[in-house]
Amino acid sequence: MPSTAPSPVSPVADWTEHARDFDWSIAERELDHRPGEPLNIGWHCTDRICHRGHARRPALVWEDHQGHGRTYTFEGLRLRSNAIAQFLRSLGLGPGERICLYLDRVPELYIGFLGILKMGGIAQPLFSAFGDEALWTRLADAQTAAILTQRKHLPKVRKARDRLPALRHVLVVDAGDAVLREGERPLALESLRSPEGFEVHHTEPETPSVLHYTSGTTGNPKGALHVHGALLAQYLTAKWVLDLRPDDVYWCNADPGWVTGTSYGIIGPWANGVTQVVLDAGFSAARWYDFIQRHHVTVWYSAPTAIRLLMREGMDLVRRYDLSSLRHLCSVGEPLNAEAVHWSRQAFGLPFHDTYWQTETGSIVITNLPGMPIKPGSMGRPFPGIRAVVLDPATAQPIEEPGRVGLIALGPGWPSLMRTYWNNAAAYGAKFRNGWYVCGDRASVDPDGYFWFVGRDDDVINTGGHLVGPFEIESALLEHPAVAESAAVAKPDPINLEVVKAFVALKPGYAPGPDLELEIMNTIRRRLSPLAMPQEIAFVDVLPKTRSGKILRRVLRAREFGEPVGDLSTLMEE
Amino acid sequence: MDDLEQVIRAYVAKEYLEEGDDRTIDDHTPLISGGIVDSFSMVSLKRFLERRYGIEIPDAEATPDAFDTVSRIAALVTRLRARSTAAPAS
């Protein structure tokens with residue numbers, strides 16, 4: 001790949017003017033889409049780029065931890081996504097059916113995602129580190145019809161499958177000589193025939209496209225349903241916030257099992273015709289710097305947890321690599337602390353630009369645009385076209401007073417807001433107050449219109465940029481034979497912002513101790529995921545409860561954060 | 001007494017590889033950078049080592065780099081055990 005000289009970012013000349021004149025039709029015009037015409041994300045990310053004369057441009061430059069690599073041009077992406085779409089059709093899978101991608105960051109994940117959208121299916125990406133219970137919960141709720149996976153994850157799929165009657169097909173992308181069972185078959189991407197004259201399914205802006213599961217305080221994870229029209233917001237925010245240009249080499253650290261990995265690890269860059277590099281490997285600071293150096297990465301979208309891990313490895317390591325190709329850095333997942341912004345200026349000569357959004361919003365909603373003065377520690381300002389305020393929690397009215405903390409809320413109407421929670425219209429309705437979509441986070445706004453994150457407004461745990469729901473963890477804890485009752489709360493952590501801490505009361509006959517603690521930790525990790533694994537377990541005699549018997553997580557959480565525990569008048573006497 | 005590397009290899013294979021996963025773990029298999037053990041799961045591996053060998057691994061030394069192979073983990077454990085043995089009794 002040729003070396004790319006660094007170049008300045010594209011500054012937004014006048015924020016106010018940009019916001020005033022803004023209309024989402026800008027994205028429609030740039031994407032050559034006219035109202036009433038079909039719109040398909042898969043087609044826009046591949047065929048359209050080829051039609052514009054960029055068929056031979058590298059689209060995906062992939063590498064694994066052993067240094068094996070594969071490169072696909074936009075023409076390769078087009079043909080192979082058609083091949084997967086045709087293969088899925090040949091199995092009798094139809095439009096609107098949920099097809100899960102349960103894969104590490106292998107090319108089949110990225111190309112399969114586009115193939116599913118091209119045949120009209122709903123792509124349901126799931127983090128491949130999820131355990132069998134977490135997998136089952138999400139597939140059962142979505143009534144998923146097919147799953148693409150790898151040999152290494154097949155045992156987890158098999159454990160869940162007996163309880164998934166809707167799951168008709170298990171497709172193994174690296175089956176090789178593995179002995180497959182009934183309903184399982186190989187899907188060898190490189191051997192699939194690319195059909196001539198493949199017809200992309202007729203989808204419209206409101207046709208469902210992607211189903212991403214996210215955790216809440218109560219109940220099981222909820223599936224945020226997105227539509228093909230979300231492309232307009234994902235395309236434009238990728239262009240303006242990530243500052244993507246056709247000659248860029250872009251690296252997004254996020255796994256497509258989470259929304260950042262699809263909105264900005266697949267759709268945003270490829271709709272802009274940009275080359276992206278993917279490293280399918282765990283964290284290693286030296287390996288990351290080497291990857292940036294070898295591929296001449298120009299734009300990097302990372303996360304505070306990763307940045308803090310890099311900081312811990314020190315500046316000497318940074319100096320051993322030529323990272324001068326970098327020209328723009330962004331971050332997402334949790335608040336970007338001021339120290340990380342200062343450090344990145346020292347390390348890379350560039351600040352990380354914080355971006356704020358969530359699974360439900362589908363695209364960046366509050367951010368630091370290129371060229372905009374950064375206030376380290378602030379989330380930035382609303383993206384043009386986004387009406388963002390903080391609401392008074394009592395009245396659900398916007399707070400006008402600068403610096404007063406309220407609930408972050410957004411005025412509906414941007415293209416990528418989820419359309420519902422799958423099978424859960426009540427939970428969807430509960431996300432709105434007084435006509436505002438309420439994000440579930442608290443912040444204040446300063447006199448310049450910059451938002452400052454304060455924290456979650458509920459019991460959801462933000463660990464390493466991923467939201468983990470306490471209910472799912474507590475349910476899994478209760479299935480351990482030693483556990484009588486439990487509570488899972490956030491505990492502050494210098495690297496991951498928060499980690500899970502569990503409070504556990506044991507059944508008679510069980511004694512607390514390090515062996516039991518480790519056994520419970522590993523049980524949760526295997527059943528749910530490493531993110532959900534309590535990093536600490538406190539064995540207690542009783543848990544604080546209301547008089548009606550509800551566990552008061554907020555009391556436990558407040559103690560962890562050294563905050564006031566608030567009103568305890570409803571606390572049951574222990 | 002079991003060989004240190006052997007104990008760690010066996011634990012990693014038992015806890016972090018799925019049943020049916022045919023990958024083999026040797027002393028130089030990349031665990032963290034190879035995606036077998038992620039940074040969250042590292043905490044349970046650290047806890048196992050501390051309990052088994054009666055040591056405390058300071059957070060500053062429990063880095064992804066130090067935990068990336070069985071060989072490096074064994075070196076870390078050996079160093080910490082020697083340090084705790086050398087510490088004067090209080």
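Quick notes on the rules
Numbering of residues begins from 1 in every chain and follows the order in which that chain's sequence is written. The naming scheme follows written order: chains are lettered A onward, ligands numbered 1 onward. Residue-level local features of this predicted model are given only where pLDDT is at least 70; pairs of side-chain atoms are given and counted only at 80 or more, and the full residue set underlies all totals for whole chains, interfaces and linings. Helix numbers and strand numbers start at the N terminus; a helix is a DSSP run of H or I with at least 4 residues, a strand a run of E with at least 2. A pair of residues counts as a contact when their C-beta atoms, built from backbone coordinates, are within 7 Å of each other. Whether a residue is buried, exposed or partly exposed follows from its count of other C-beta atoms within 10 Å of its own C-beta, namely 20 or more, 12 or fewer, or something in between, respectively; the C-beta atoms are built from the backbone. As used here, the arc belongs to the directions running from the helix axis to the C-beta atoms. Here the axes come from fitting lines to C-alpha atoms, over the contacting stretch only for helices, and the angles between their N-to-C directions go from 0 to 180 degrees. Any angle that falls under 35 degrees is termed roughly parallel, while one over 145 is termed roughly antiparallel, one within 65 to 115 roughly perpendicular, and all others oblique. Crossing chirality is assigned from the near helix's rotation relative to the far helix, an anticlockwise turn below a right angle marking it left-handed and a clockwise turn marking it right-handed. When residues are sorted by character, Ala, Val, Leu, Ile, Met, Phe, Trp, Tyr, Cys and Pro go into the nonpolar class, Asp, Glu, Lys and Arg into the charged class, and all the rest, Gly among them, into the polar class. What counts as a domain boundary in this text is fixed by an automatic or database domain assignment. A pair of strands counts as paired when DSSP detects no fewer than two bridges linking them. On a scale of 0 to 100, pLDDT captures the predictor's confidence in every residue. With strands facing away from the observer, any crossover in which the path from the first strand over the helix to the second runs clockwise is taken as right-handed.

Topic: the overall build of chain A
Then, number 1: In terms of helices and strands, chain A carries 18 helices and 27 strands.
Then, number 2: Seen through its principal axes, chain A has C-alpha atoms that stretch 70 × 60 × 50 Å.
Then, number 3: Within chain A, counting contacts between residues at least 6 apart in sequence, those at least 24 apart form 69% of the total.

Things to note about helix 18 (residues 553-561) of chain A
All names here are of chain A.
Then, number 1: Of all the positions in helix 18, only Arg-553, Leu-556 and Arg-557 are classed as buried. The buried side chains of helix 18 occupy one side of the element, clustering within an arc of 95° when seen end-on.
Then, number 2: The secondary structure elements touched by the buried residues of helix 18 are helix 16 (470-478), strand 25 (483-493) and strand 26 (497-506).
Then, number 3: Two residues or fewer after helix 18 comes Gly-562, characterised by a positive phi angle close to 65°.

Concerning the packing of helix 7 (residues 132-142) of chain A against helix 8 (residues 154-161) of chain A
Residue and element names in this part refer to chain A.
Then, number 1: Packing of helix 7 against helix 8 brings their axes to within 9 Å, and their N-to-C directions diverge by 55°. Classified by the interaxial angle, the pair formed by helix 7 and helix 8 is oblique. Relative to helix 8, the crossing made by helix 7 is right-handed. From helix 7, Asp-132, Leu-135, Trp-136 and Leu-139 reach across to helix 8, where they touch Lys-156, Lys-159 and Ala-160.
Then, number 2: Partitioned by chemical class, the residues of the contact of helix 7 with helix 8 number four nonpolar, no polar and three charged.

Details of the domain arrangement of chain A
Residues and elements named next belong to chain A.
Then, number 1: Looking at chain A, the domain boundaries give domain 1 (15-439) and domain 2 (461-561).
Then, number 2: Relative to domain 2, the C-alpha centre of domain 1 lies at a distance of 30 Å.
Then, number 3: Each partner contributes to the interface: domain 1 provides 23 residues, whereas domain 2 provides 19 residues.
Then, number 4: No other element matches the four residues that helix 12 (residues 304-313) contributes to the side of domain 1 that touches domain 2.
Then, number 5: When the residues that make up the side of domain 1 that touches domain 2 are grouped by side-chain class, the tally is nine nonpolar, 10 polar and four charged.

Concerning the interface of chain B and chain A
Then, number 1: At the junction of the two partners, chain B supplies 23 residues and chain A supplies 23 residues.
Then, number 2: For the side of chain B that touches chain A, the leading source of residues is helix 2 (residues 42-53) of chain B, giving five residues.
Then, number 3: Looking at the side of chain B that touches chain A, its residues break down into six nonpolar, eight polar and nine charged.

Some words on helix 11 (residues 285-295) of chain A
Residues lying three or four places apart along an α-helix face the same way, a consequence of the helix completing one turn every 3.6 residues.
Then, number 1: Taken together, the buried positions of helix 11 of chain A are occupied by A:Ala285, A:Arg287, A:Trp288, A:Tyr289, A:Ile292 and A:His295.
Then, number 2: Trailing helix 11 of chain A by a residue or two, A:His296 shows a phi angle of about 55°, which is positive.

Some remarks on the sheet that holds strand 10 (residues 249-252) of chain A
All names here are of chain A.
Then, number 1: An order of 2-1-11-10-12-13-14-15-16 is seen for the nine strands of this open sheet, with the pairing classed as mixed. The open sheet has two edge strands with one neighbour each: strand 2 (69-73) and strand 16 (381-382).
Then, number 2: Taken strand by strand, helix 5 (residues 74-90) contacts strand 1 (58-64) and strand 2, and its axis lies near 90° from that of strand 2.

Digging into the pairing of strand 18 (residues 406-410) of chain A
All names here are of chain A.
Then, number 1: Burial analysis of strand 18 places five of its five residues in the buried class, the great majority of the element.
Then, number 2: As judged from the four bridges shared by strand 17 (residues 388-391) and strand 18, these two strands associate in the antiparallel manner. By the bridge assignment, Val-390 is partnered in strand 18 with Ile-408.
Then, number 3: Of the strand pairs in this sheet, strand 18 and strand 21 (residues 436-445) are connected by four bridges, and their pairing is antiparallel. Among the inter-strand pairings, Ala-409 is bridged to a residue of strand 21, identified as Val-438.

Concerning the packing of helix 4 (residues 47-54) of chain A against helix 5 of chain A
Residue and element names in this part refer to chain A.
Then, number 1: Where helix 4 contacts helix 5, the axes come no closer than 9 Å and their chain directions differ by 145°. In this structure, helix 4 crosses over helix 5, and the sense of that crossing is left-handed. Contacts between helix 4 and helix 5 involve Asp-47, Ile-49, Cys-50 and His-54 from the first element and Phe-74, Glu-75 and Arg-78 from the second.
Then, number 2: Broken down by class, the residue content of the contact of helix 4 with helix 5 amounts to three nonpolar, one polar and three charged.

Brief notes about the confidence of the model for chain B
Then, number 1: Summary statistics for chain B give a mean pLDDT of 89 and a share of 93% for residues scoring 70 or more.
Then, number 2: Overall fold confidence for the complex sits at a pTM of 0.91, while the interface term, ipTM, reaches 0.90.

Considering the confidence of the model for chain A
Parts of the model with low pLDDT should not have their predicted coordinates read in detail.
Then, number 1: This prediction gives chain A a mean pLDDT of 93; 95% of its residues lie at or above 70.
Then, number 2: Low pLDDT (under 50) marks residues 1-7 of chain A, which in the prediction has 13 contacts with non-local residues, meaning those over four places away or in another chain.

Observations regarding the environment of A:Pro95
Residues and elements named next belong to chain A.
Then, number 1: Along the chain, Pro-95 falls in the loop between helix 5 and strand 3 (98-102).
Then, number 2: Along the primary structure Pro-95 and His-51 are separated by 44 residues, whereas in three dimensions their C-alpha atoms are 25 Å apart.
Then, number 3: Look past the residues within four positions of Pro-95 in its chain and what remains in contact with it is Gly-120, Gly-121 and His-201.

Some details on the environment of B:Ser44
Then, number 1: By the element assignment, B:Ser44 lies in helix 2.
Then, number 2: Using a count of 24 C-beta atoms within 10 Å as the deciding quantity, one classes B:Ser44 as buried.
Then, number 3: Expressed as a C-alpha distance, the spacing of B:Ser44 and B:Asp59, which sit 15 residues apart in the sequence, is 13 Å.
Then, number 4: In contact with B:Ser44, other than residues within four places in its own chain, are A:Leu518, A:Met521, A:Asn522, A:Arg525 and A:Met533.

Examining the pairing of strand 10 of chain A
Here is the key point about a regular strand: its side chains alternate between the two faces of the sheet.
Residues and elements named next belong to chain A.
Then, number 1: Here strand 10 shows two buried faces, one formed by Val-249 and Trp-251 and the other by Tyr-250 and Cys-252.
Then, number 2: Across three bridges, the pairing between strand 10 and strand 11 (residues 275-280) is parallel. Its bridge partner being in strand 11, Tyr-250 is matched across the sheet by Gln-276.
Then, number 3: In this view, the connection linking strand 10 to its parallel neighbour strand 11 by way of helix 10 (residues 259-271) has right-handed handedness.
Then, number 4: By the bridge criterion, three bridges tie strand 10 to strand 12 (residues 299-302) in an arrangement that is parallel.

Considerations on unusual backbone geometry
Residues and elements named next belong to chain A.
Then, number 1: A positive phi angle, close to 50°, is found at Gln-143, a residue other than glycine.
Then, number 2: Given 14 C-beta atoms within a 10 Å radius, Gln-143 is considered partly exposed.
Then, number 3: Its identity as a non-glycine residue notwithstanding, Asp-243 has a phi of 60°, on the positive side.

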